[in-house]
Each structure stands twice: as structure tokens, then as C-alpha cells.
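Coordinate analysis (summary)
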Amino acid sequence: MTFTAHRARKRFGQHWLIDQGVLSRIVAAAELEASDRVLEVGPGRGALSERLLATSAAAVAAVELDRDLVLGLQERFGDQPRFQLTSGDVLTVELPAANKVVANIPYNITGPLLERLVGRLDRPVAHPYDRLVLLVQREVGERIRSEPGASAFSALSVRMQLLASCRSVCAVPPRCFQPPPQVHSEVILLEPLPVEQQLAPQLARTVEMLLKRCFAARRKMVRNTLSGLLPEAELAGLAEAAGIGLQQRPQEIAPAAWVALAGSLNQVIAAPAAAPTHG
Ligand SMILES: C[S@@+](CC[C@H](N)C(=O)[O-])C[C@H]1O[C@@H](n2cnc3c(N)ncnc32)[C@H](O)[C@@H]1O
């Protein structure tokens, strides 16, 4: 099937990016050099692939789920040795080797895709990418990069900001796509932390436990959601040392403070109870 005969499929989240200015912003944010190998998720009809191939990058390795588009992409770029195409689901295929990711992603797989490409606090990726430039739904972009105190600040903000430096590249309104989606979008830039700066596994597990407990009831004070972990006076002491007040709500607490609290909780929990003294 040629691209002209192909109708955009909703179930694959197909919205073609047609705004040349946004395509340029995405490619510029990737800062591609001759040594870079780019993973492109969902090349679609190849608008972004073409722009990536026009850079000096060593390779553009694309993964596309829609078999009809795979045929069209082979026709369009098959004669370019720097273009490598994998047909399949990006969530399950063996990912081609790459050090950067550039993608206008299908919004319906945002969560699992971020988990696969950036990892989870308690399951970080073994070889983090140097950078990821992703076109995501605006609300997701806001949640990823927002700061403590903002209404969009969530457990996702804490998790992502402990895994990567996160910032916005540009806003992308629906008219930049064909067909236009119902929602606004945003290009975000993620620069994952190197392995040596990732949280140690036990610390990561405790941060996860705290986030799950506290953000499950995001309007409650952490005094209530954390009660039961330790006697309140002891908890207040640890929280204060971490820069947290027990009257705070979870969305007011910075990523570093969650880590500090998790670290001291681990110490208290791991410390053997003081031996009784005999007179
Ligand atoms: C929003 S479109 C972007 C297309 C193109 N990159 C562009 O900017 O015009 C998302 C693309 O991801 C593909 N896709 C959807 N789910 C996928 C999956 N699980 N694995 C790989 N590709 C997928 C769709 O077929 C579509 O081509």
C-alpha cells in the first residue's frame, strides 16, 4: 500500500506531523552528531525520518507497528543504508542499538514506552540514552517537568526528575498535525542521569513506597498518609531533617526531599533495636 492510499489509524495513534517548524525544533533539540545512532519510534510516513536522515547522524533506526506503513517506508528510504527499519511493537521488539531517541510517539502507549526507554526508579535501564526528544500530550509533558507546588506536580514528576533532567522544547497545537488530534501536545527533552547517579535499589524501592502511599491521597497531609510507618514524633524528626513538614501535601515536596526521607527511613528500619542494658 502506498502512503496516499493509507488512512490514518486511530488505534495506532496516527497523527502525522506536518508543521515544518516543529520538525526543525525536534531535530535541533536532538543535537545530532556523526557518532549518534537515533532510535525513532513510530516513523509513520517518514516526515521526521527524512529530517533525521538529513543530519550527520550515523544511523536512524526506526520501529513501526503498522505493516502497511513499513512497506511504504521501505519504498521511500530502502536505498538509504543509514535507515534501518524494524517492523513490530516498540514495547516488545528487541530495540536497535542507539544512543538517542527522537519520536512523535503514539499517546496511547506513553506510560509503558517511558518505562521501557527511561526505566523506573526501582528498575532503571542498564544503558541510559544520552537524550530523548519526545512529542507527547501536553498534560503529560507538564506532569513530567513541573515543579513542587504546581498543580501538575505528581508522582510521575518525582519519578522522571529522579531519572532524568526534563525540560520543555516547545508547545505543539493540534493544527500542526494531520489529522489534528483532540489534545494539545508538547515536545520535551529528557537527559537521563548516568548509571552512577541513579538511586541505589533499596533507596529507590523506599522512594517508590512513599510516592505510592502519599500520592494515592494527594490532598491529604503526609502526617496522615505516613502514619503507621513510625511513631509520629520520630517521623516528624526524620521529615524535618529531610526538609519536609508533616502538614505538607505530597505535591509540595521536592524530589530530593523524598530521597532524603527514604534514606533516613531505611536507616531507622535497618538499624537493630538498641540492646537492653542490664544494671
Ligand atoms: C503520532 S504517529 C507519528 C508518525 C510520524 N513519526 C510523524 O511524526 O508524522 C505515531 C506512529 O507510531 C506508530 N505506532 C503506534 N503504536 C506503535 C507501537 N506499539 N510500536 C511502534 N510503532 C507504533 C503508528 O503507526 C504511527 O506511525
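Predicted model only: the values in this text are computed from it and were never measured. (Residues numbered from 1 in each chain as written. Predicted model: local features only at pLDDT ≥ 70, side-chain atom pairs only at ≥ 80, totals over all residues. Heavy atoms only, no water.)

Concerning the site of the ligand
This is how the line gets drawn: Only a single heavy atom is needed: when it lies within 4 Å of a molecule or strand, its residue is near that molecule or strand. Between N or O atoms, a polar contact is any pair within 3.5 Å; within protein, one atom must be a potential hydrogen donor and the other a potential acceptor, and residues adjacent in sequence are included only when both atoms are from side chains. For accessible areas, the Shrake-Rupley method is used with a probe of radius 1.4 Å. Any residue's cover is judged against the shown protein chains and nothing else. A run of H or I in DSSP becomes a helix once it reaches four residues, and a run of E becomes a strand once it reaches two; helices and strands are each numbered from the N terminus. Three classes are used, and their members are as follows: Ala, Val, Leu, Ile, Met, Phe, Trp, Tyr, Cys and Pro are nonpolar, Asp, Glu, Lys and Arg are charged, and the others, Gly among them, are polar.
As a matter of local geometry, the ligand sits amid 22 residues, with Q14, G42, E64, D89 and N104 nearest to it. Note that an oxygen atom of the ligand is positioned 2.9 Å from one of the side-chain N or O atoms of Q14. P43 is positioned such that a nitrogen or oxygen atom in its backbone is 3.4 Å from a nitrogen atom of the ligand. Within the complex, the protein chains bury 98% of what would otherwise be the 600 Å² of accessible surface of the ligand. Looking at the shell around the ligand, the elements that each hand over two or more residues are β1 (16-17) and β3 (59-64). Classifying every residue of the shell around the ligand gives 11 nonpolar, seven polar and four charged.

Topic: the domain arrangement of the chain
The following threshold applies: Domain boundaries shown here were taken from an automatic or database domain assignment. Any two residues whose heavy atoms approach within 4.5 Å are treated as being in contact. Values labelled buried area give the accessible surface lost by two parts on being combined, using a 1.4 Å probe and summing over both. For salt bridges, the criterion is a side-chain nitrogen of Lys or Arg within 4 Å of an Asp or Glu carboxyl oxygen.
Split into domains, the chain comes out as domain 1 (2-197) and domain 2 (201-272). With centres defined by C-alpha atoms, the gap from domain 1 to domain 2 works out at 34 Å. Facing 13 residues of domain 1, the contacting portion of domain 2 comprises 16 residues. Across the domain 1 to domain 2 interface the summed buried area is about 1,100 Å²; carbon plus sulfur atoms make up 69%. If you look at where domain 1 meets domain 2, you find one salt bridge. The interface formed by domain 1 and domain 2 holds four residue pairs in polar contact (both at pLDDT 80 or more) in total. Split into classes, the residues belonging to the side of domain 1 that touches domain 2 amount to seven nonpolar, four polar and two charged.

Details of the environment of E75
Filter applied, for reference: Only protein chains enter the calculation, and the probe is 1.4 Å; a residue is then buried if its accessible area is under 20% of its type maximum, exposed if over 50%, and partly exposed in between.
Its place among the elements puts E75 in helix α3 (residues 67-77). Judged by relative accessible area, E75 falls into the exposed class, the value being 60%. In sequence terms E75 and F3 are 72 residues apart; their C-alpha atoms lie 10.0 Å from each other.

Side note on the packing of aromatic side chains
Formally: Aromatic rings from Phe, Tyr and Trp, taking only the six-membered ring of Trp, are treated as a pair when their centres fall within 6.5 Å; an angle between ring planes under 30 degrees marks them as stacked, one over 60 as edge-to-face, and anything in between as tilted.
Counted under the stated rule, the structure contains two aromatic pairs. Look at F77 and F83: their rings are 4.9 Å apart centre to centre, the planes differ by 50°, and that puts the pair in the tilted class. Residue F77 is classed as buried on the basis of its relative accessible area of 3%. Centroid distance F215 to W258: 5.9 Å. Interplanar angle 45°. Geometry classified as tilted.

As for the UniProt feature "binding site: S-adenosyl-L-methionine" (unreviewed entry) in the chain
Convention followed: UniProt positions are given in the numbering used here, feature names are shortened, and annotations may be inferred rather than shown by experiment.
Feature annotation in UniProt places "binding site: S-adenosyl-L-methionine" (unreviewed entry) on H15, L17, G42, E64, D89 and N104, given in this structure's numbering. Summarising the element assignment, E64 is placed in strand β3. A relative accessible area of 6% places E64 in the buried class. A distance of 3.0 Å separates the side chain of E64 from the backbone nitrogen of G44, its partner in a polar contact. Within the secondary structure, N104 is located in strand β5 (residues 100-104). In this view, N104 contacts H15, L17, V41, G42, L48, L135 and F177; residues no more than four positions away in its chain are not counted.

Examining the sheet that holds strand β11 (residues 185-192)
Sheets are built from strands paired through backbone hydrogen bonds, the pairs being either parallel or antiparallel. We count it as follows: By definition, two strands form a pair when at least two bridges between them are found by DSSP. Helix axes use the C-alpha atoms of the stretch in contact, all axes being lines fitted to C-alpha atoms, and the angles between their N-to-C directions lie in the range 0 to 180 degrees.
In space, the seven strands of this open sheet follow the order β4-β3-β2-β5-β8-β11-β9, with mixed pairing throughout. Strands with a single pairing partner mark the edges of an open sheet, and in this sheet they are β4 (83-87) and β9 (164-172). Along the sheet, successive strands turn relative to each other by an average axial angle of 20°, direction set aside. Seen against the sheet, helix α4 (residues 110-117) touches β2 (37-41), β5, β8 (131-137) and β11 and runs at an angle of roughly 160° to β2.

Quick look at the pattern of salt bridges
Applying the stated criterion across every chain yields a total of 10 salt bridges. Among the ionic pairs, R131 bridges to E31, the shortest N-O distance being 3.7 Å. Of this pair, R131 sits in strand β8 while E31 sits in the loop between α1 (20-30) and β2; the two residues are 100 residues apart in sequence, bridging distant segments of the chain. R131 sits in the buried class, given a relative accessible area of 10%. Between R223 and E232 there is a salt bridge, with its nearest N and O atoms 3.0 Å apart. A relative accessible area of 30% means that R223 is categorised as partly exposed. One salt-bridge network, in which partners are shared between bridges, spans E31, R131 and E191.

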